[in-house]
Amino acid sequence: MQEEGQTDSPFWIAGEEDNPDLQDKTKAEQHGSASPGLSFEKYMEKQTILNAEWKDKVPDDMIMRRDEVRNAKYVYIGCTALYLLMTVSDGDASPISPLQEQIWPLVIVALLAPLQYLVSRQYREVRWHAEEMTAVIYRKGIFGKSSCFVASATKLERGDELVLNSETHAWTNSDGEHENSTQHWIRVHRDKQQCDTFARDWNNQRHLLATIDFLRQKISQ
């Protein structure tokens, strides 16, 4: 098992599309994603089927990606550098004995560290089931059993091409400032045609690229 990467948010949104190539109704229910676009009853029915079929099934291989608070490492580095600059350049203080008004960068670090630890307890597993040629995305949350579930199960075939796709949404906030957010997801191309999507709303591109590399290796074996 490999572990690395981050995501912009500790929470998830499952993929929106089911696999259109699965003609058998039972198989169609066992693959795809529990989409938020479904009605609540259909969503829960699909989620129950996914969990029953894949949640406890032991994969042949897997990788794990832990959640992180976005840009937390830059906050750590910036606050540490600022603290050292403030205390070293002040003849009345030092990093060991700072003035009271100089400790606020350390307070930010002290508040962020527990949040980062809590968020990092959540992760996603990309599971590979060789016999079924299926990639399963399992979500492990921190809010009990309801936050641990199979987000999607995607049937793949030899020769499938996995492509990273993205879409950027821009808006103006209440202060008149321009903001934007980029969604990333994985598309499955078969015989040069798109046949499925999964891992939608994993907002970290590096995270999804690692998933694509992992699954490409499995498809080619």
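What follows is about the pattern of salt bridges. With the rule as written, the count across this model stands at seven salt bridges. For Lys-57, the salt bridge is made with Glu-132, and the minimal N-O distance between the two is 2.3 Å. Taken together, the residues Lys-57 in the loop between helix 2 (40-55) and strand 3 (61-66) and Glu-132 in the loop between strand 4 (123-129) and strand 5 (134-140) connect sequence positions 75 residues apart. A relative accessible area of 19% means that Glu-132 is categorised as buried. A salt bridge links Asp-67 to Arg-124, with the shortest nitrogen-to-oxygen separation between them at 3.5 Å. With Asp-67 in the loop between strand 3 and helix 3 (72-88) and Arg-124 in strand 4, this residue pair connects regions lying 57 residues apart in the sequence. Across the pair, exposure class does not vary: Asp-67 and Arg-124 are buried alike. Several salt bridges converge on common partners, so that one network encompasses Asp-67, Arg-124 and Arg-139.

This paragraph deals with the packing of aromatic side chains. Under the definition given, this model contains zero aromatic pairs. Across the ring face of Tyr-138, the terminal group of Arg-127 is positioned such that the distance to the ring centre comes to 4.3 Å. Directly above the aromatic system of Trp-185 lies the positively charged group of Arg-200, at a separation of 4.2 Å from the ring centroid.

Pairing in this open sheet of three strands is antiparallel, and the strands run 7-8-9 from one edge to the other. Each edge of the open sheet is held by one strand with a lone partner, namely strand 7 (161-172) and strand 9 (193-198). Ignoring strand direction, the axes of neighbouring strands in this sheet form an average angle of 40°. Across five bridges, the pairing between strand 8 (residues 178-190) and strand 9 is antiparallel. Bridging from a neighbouring strand, Val-188 pairs with Asp-196 of strand 9. Running at roughly 165° to strand 7, helix 5 (residues 205-220) makes contact with strand 7, strand 8 and strand 9 of the sheet.

Caution applies to low-pLDDT parts of the model: their predicted coordinates are not meant to be read in detail. Predicted confidence across the protein gives a mean pLDDT of 82, with 83% of residues reaching 70 or more. Low pLDDT (under 50) marks residues 2-26, which in the prediction has 78 contacts with non-local residues, meaning those over four places away or in another chain.

Where nonpolar side chains cluster on the molecular surface, the patch consists of Val-75, Leu-82, Leu-85, Trp-104 and Ile-108 and spans about 420 Å² of accessible area. Mapped onto the nonpolar patch, the elements with two or more residues apiece are helix 3 and helix 4 (104-120). Tallying contributions element by element places helix 3 first for the nonpolar patch, with three residues. Structurally, the position occupied by Val-75 is in helix 3.

What counts and how
- Residues numbered from 1 in each chain as written.
- Predicted model: local features only at pLDDT ≥ 70, side-chain atom pairs only at ≥ 80, totals over all residues.
- Heavy atoms only, no water.
- Salt bridge = Lys/Arg side-chain N within 4 Å of Asp/Glu carboxyl O.
- Helix = DSSP H or I, 4+ residues; strand = E, 2+ residues; numbered from the N terminus.
- Buried < 20%, exposed > 50% of the residue type's maximum accessible area, 1.4 Å probe, protein only.
- Phe/Tyr/Trp six-rings, centres within 6.5 Å; stacked < 30°, edge-to-face > 60°.
- Lys NZ or Arg CZ within 6 Å of the ring centre and 35° of its normal.
- Pairing = 2+ DSSP bridges.
- Axes fitted to C-alpha atoms, helices over the stretch in contact; angles between N-to-C directions.
- Contact = heavy atoms within 4.5 Å.
- pLDDT = per-residue confidence, 0-100.
- Patch = residues over 30% accessible without salt bridge, like charges linked within 9 Å, V, L, I, M, F, W, Y side chains within 5 Å.
- Areas by Shrake-Rupley, 256 points an atom, 1.4 Å probe, with all protein chains shown as cover.

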